[in-house]
Amino acid sequence: MNTRADRSLIDLTKWREFIESFEGDPDQFIHVPGLIIARPLLRSVLNATEKLRACDHNPNPRLRVFSGNRLDYAAIERFCYDTPPSADVFEFLEEWVSGKGSCIAVNEVESWDATLREVAATEFIPGLRPYLRRTSSKVDWYAFLATEGWTPFGIHDDDEPSLIMNLGPANKEVWVWEPSALSGLDRGRRTSLSFEHQLPSASYHLVLKPGDFAAIPTGWFHVLRSSGRSVLLGIALYRRDPHSEIGAYLSRRGRDPLEWFGEVANSEAARCRISAVRRHLDLTLESAAFSASPVRVHPAMPESGLPQRVRALLPLLVVELPTLLLANGAAIPIPEEVGAEVVAAWLRENPEFTPEGFTKQFPELPVHDGSSDLLNRLARAGVLSMAMDT
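As a starting point, this report considers the structure included with it. (Residues numbered from 1 in each chain as written. Predicted model: local features only at pLDDT ≥ 70, side-chain atom pairs only at ≥ 80, totals over all residues. Heavy atoms only, no water.)

Structural notes on the overall build of the protein chain
Move 1: Scanning the protein chain from terminus to terminus reveals 12 helices and 22 strands.
Move 2: Considering only contacts in the protein chain between residues 6 or more positions apart, those separated by 24 or more positions represent 80%.
Move 3: Total accessible area computed for the protein chain in this model is approximately 18700 Å², and 50% of it derives from carbon and sulfur atoms. (Helix = DSSP H or I, 4+ residues; strand = E, 2+ residues; numbered from the N terminus. Contact = heavy atoms within 4.5 Å. Areas by Shrake-Rupley, 256 points an atom, 1.4 Å probe, with all protein chains shown as cover.)

The structure is reproduced here in structure tokens:
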């Protein structure tokens, strides 16, 4: 049986060393050469972009097209709706978007590719979990698909740490300045499109080859340039807004947030209720590997149903209550006589298993057409990997 490390797309030793440095001092620039196997992740990002464009139920895709430093609305419409999803991204940029530095920016990119979401949840996020919990943060996986030239934002800083990796095929150059090095540019600006005269003063200047990784701290100025066709995959670590999250949670349940808070204000019961809601939101987010983006593409399932062997992506499973399993943000009820903790414990002890073995272990769970209803629900939630070598 293959182990997780055998299939890893990142150098787990280097990743652990990075996490140790990052946890010790997140306000330092860190460069890790050769962290990832770039080619499979490059295919995943290109596949995600194709799936996003092919979706008929995605009227507002998290996608932007830039011509130089200008947002190109006509190109966004053409790319999303008037170009075949299978069309080459880079050929589109070179044919339809003028100027050097044209690029396509995609947010929530991992929600469109099952492999990318699995790698994010099982390889990257576990090491970052202590930081994300401590800082009450969530992640946004984003990608820049670019031709030769500068990234569209010029020199700028961000309100959150940016973890970036070059997937190639071309190299990328990055210039980074400590906050004090530029003193907020001229007159307190946080961004500028006139920056080339600043390049010699960079605190760090390096080439990111395919597979290389860098962590840019909060408030550090930076600018990137691609030497040719390339894809940048990034992880933004955003601070959460608990008031907005609670308001959205209540609205989804048909409650007016202002009315609800007014009803429970200034009482011990209110604090308990708010605490319970926040705990639920914390666990739901953690069950989705700290990503708030929905699962739009699931691992492929054979026409005959579940395959002979499946694998549970354990970081996506979090037990909240004895009869509730949170799986990738979805709440799945478990019969009281079975218990969610018992199911989760069995999955931890048996990360690779057969559907028949699962059904034999939990005969109390409903079965439909020979497959456990719970396994099918977990599969629909995107937490079972179907592509297994037997």
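Read on for the rest.
Regarding helix α5 (residues 114-134)
Move 1: Here α5 contains 21 residues, and its C-alpha end-to-end distance of 28 Å stays within 8% of the 30 Å for a straight helix at 1.5 Å per residue.
Move 2: Positive backbone phi, approximately 50 degrees, marks S136, located one or two places after α5. (Expected span 1.5 Å × (residues − 1).)

What to know about helix α3 (residues 73-82)
Move 1: Within α3, burial applies to A75, I76, F79 and C80. With its buried residues spanning 115 degrees around the axis, α3 presents them on a single face. Facing away from the buried surface of α3 by more than 90 degrees, the exposed residues are Y73, A74, Y81 and D82.
Move 2: On its buried face, α3 is in contact with α2 (38-54), β2 (63-67), β3 (70-71), α4 (89-96) and β4 (103-107).
Move 3: Between the side-chain oxygen of the N-cap and the backbone nitrogen of A74 there are 3.3 Å, and the N-cap of α3 in question is D72. (Buried < 20%, exposed > 50% of the residue type's maximum accessible area, 1.4 Å probe, protein only. Arc of directions from axis to C-beta. Polar contact = N/O pair within 3.5 Å; in protein donor to acceptor, adjacent residues only side chain to side chain.)

What about the sheet that holds strand β22 (residues 384-385)?
Move 1: Read from one edge of the open sheet, three strands run β19-β15-β22, paired in antiparallel fashion. Strands at the two margins of the open sheet, each flanked by one partner only, are β19 (352-353) and β22.
Move 2: With two bridges joining them, strand β15 (residues 310-312) and β19 adopt antiparallel strand pairing. Bridge pairing links R311 to E352 in β19. (Pairing = 2+ DSSP bridges.)

Section: the sheet that holds β3
Move 1: Pairing in this open sheet of eight strands is antiparallel, and the strands run β1-β12-β8-β14-β5-β4-β2-β3 from one edge to the other. Edge positions in the sheet fall to β1 (30-32) and β3, since each of these pairs with one other strand and no more.
Move 2: In this sheet, strand β14 (residues 230-239) lies alongside strand β8 (residues 162-169) in antiparallel orientation, the contact comprising seven bridges. Bridging across to β14, N166 finds its partner in L232.
Move 3: Along the sheet, α4 contacts β2, β4, β5 (137-146) and β14; its crossing angle with β5, the most-contacted strand, is approximately 60 degrees. (Axes fitted to C-alpha atoms, helices over the stretch in contact; angles between N-to-C directions.)

Let's talk about the nonpolar core
Move 1: In this structure, F18, I104 and W141 are the most contacted members of the largest nonpolar core, which totals 55 residues.
Move 2: Here this core takes nine residues from α5, the largest share from any one element. (Core = buried A, V, L, I, M, F, W, Y, C linked by side-chain atoms within 4.5 Å.)

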